[in-house]
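Read off the chains here:
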Amino acid sequence: MGRVRVLRTLKALKRPGHPARFPMKLPSFFIEMLTDPGDLVVDFFSGSNTTGRAAETLERKWISIERDFVIRLRVGN
């Protein structure tokens, strides 16, 4: 999800922007290095869900949890 889309969604939900956004290349690097396609990636501090997006793109299952938001997951096919 692009930065503009995230900010529009947060604005529509009347929620502040997340301060810890980072480029998808960062989690992608570690996901590729440490997991194989089909493995499960868990992010306990998902924020804007960059790690979940990277895991999805790299064909990994994922669970993202953010204390102040919604638990998101993709563990099926």
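Being a predicted model, the structure only gives us computed values, none of them experimental.

### Details of the overall build of the protein
Scanning the protein from terminus to terminus reveals three helices and three strands. Put simply, the protein runs from its N terminus to its C terminus through helices and strands in the order α-α-β-α-β-β. For the protein, the proportion of its 77 residues judged to be buried stands at 30%. In the protein, 33% of the contacts between residues at least 6 apart in sequence involve partners at least 24 apart. Here the protein displays about 5700 Å² of accessible surface, and carbon together with sulfur accounts for 60% of that area.

### Thoughts on a nonpolar patch on the surface
A contiguous nonpolar patch, built from Phe22, Leu26, Phe29, Phe30, Met33 and Leu34 and spanning about 610 Å² of accessible area, is present on the exposed surface. Structurally, phenylalanine 22 can be placed in the loop between helix 1 (3-12) and helix 2 (25-34).

### Digging into the confidence of the model for the protein
Low-confidence regions, as indicated by low pLDDT, have predicted coordinates that should not be scrutinised in detail. When the pLDDT values of the protein are averaged, the result is 81; 73% of them are 70 or greater. Ranking the elements of the protein by mean pLDDT puts strand 3 (residues 72-74) last, at 62, and helix 2 first, at 96.

### Some thoughts on the packing of aromatic side chains
Inspection of the entire model under this criterion finds one aromatic pair. Ring centres 5.0 Å apart and planes at 85 degrees place the aromatic pair phenylalanine 29 and phenylalanine 30 in the edge-to-face group. The partly exposed category is assigned to phenylalanine 30, whose relative accessible area is 40%.

### What about helix 3 (residues 50-57)?
Listed as buried for helix 3 are Thr50, Thr51, Gly52, Ala54 and Ala55. For helix 3, the secondary structure elements touched by its buried residues are helix 2, strand 1 (40-43) and strand 2 (61-64). Glutamate 59 lies just past helix 3 and shows a positive phi near 65 degrees.

### A look at the nonpolar core
Judged by nonpolar contacts, Ile31, Val41, Ala54, Ala55, Leu58 and Trp62 together constitute the single largest core of six residues. With sequence-adjacent residues up to four places away left out, valine 41 is seen in contact with Ile31, Thr35, Thr51, Ala55, Arg60, Lys61, Trp62 and Ile63.

### Side note on the environment of threonine 50
Structurally, threonine 50 can be placed in helix 3. Linking threonine 50 and leucine 26, residues 24 residues apart in sequence, is a C-alpha distance of 9.2 Å. Contact partners of threonine 50, with chain neighbours within four places excluded, come to Phe22, Pro23, Met24 and Pro27.

Quick notes on the rules
- Residues numbered from 1 in each chain as written.
- Predicted model: local features only at pLDDT ≥ 70, side-chain atom pairs only at ≥ 80, totals over all residues.
- Heavy atoms only, no water.
- Helix = DSSP H or I, 4+ residues; strand = E, 2+ residues; numbered from the N terminus.
- Buried < 20%, exposed > 50% of the residue type's maximum accessible area, 1.4 Å probe, protein only.
- Contact = heavy atoms within 4.5 Å.
- Areas by Shrake-Rupley, 256 points an atom, 1.4 Å probe, with all protein chains shown as cover.
- Patch = residues over 30% accessible without salt bridge, like charges linked within 9 Å, V, L, I, M, F, W, Y side chains within 5 Å.
- Salt bridge = Lys/Arg side-chain N within 4 Å of Asp/Glu carboxyl O.
- pLDDT = per-residue confidence, 0-100.
- Phe/Tyr/Trp six-rings, centres within 6.5 Å; stacked < 30°, edge-to-face > 60°.
- Core = buried A, V, L, I, M, F, W, Y, C linked by side-chain atoms within 4.5 Å.

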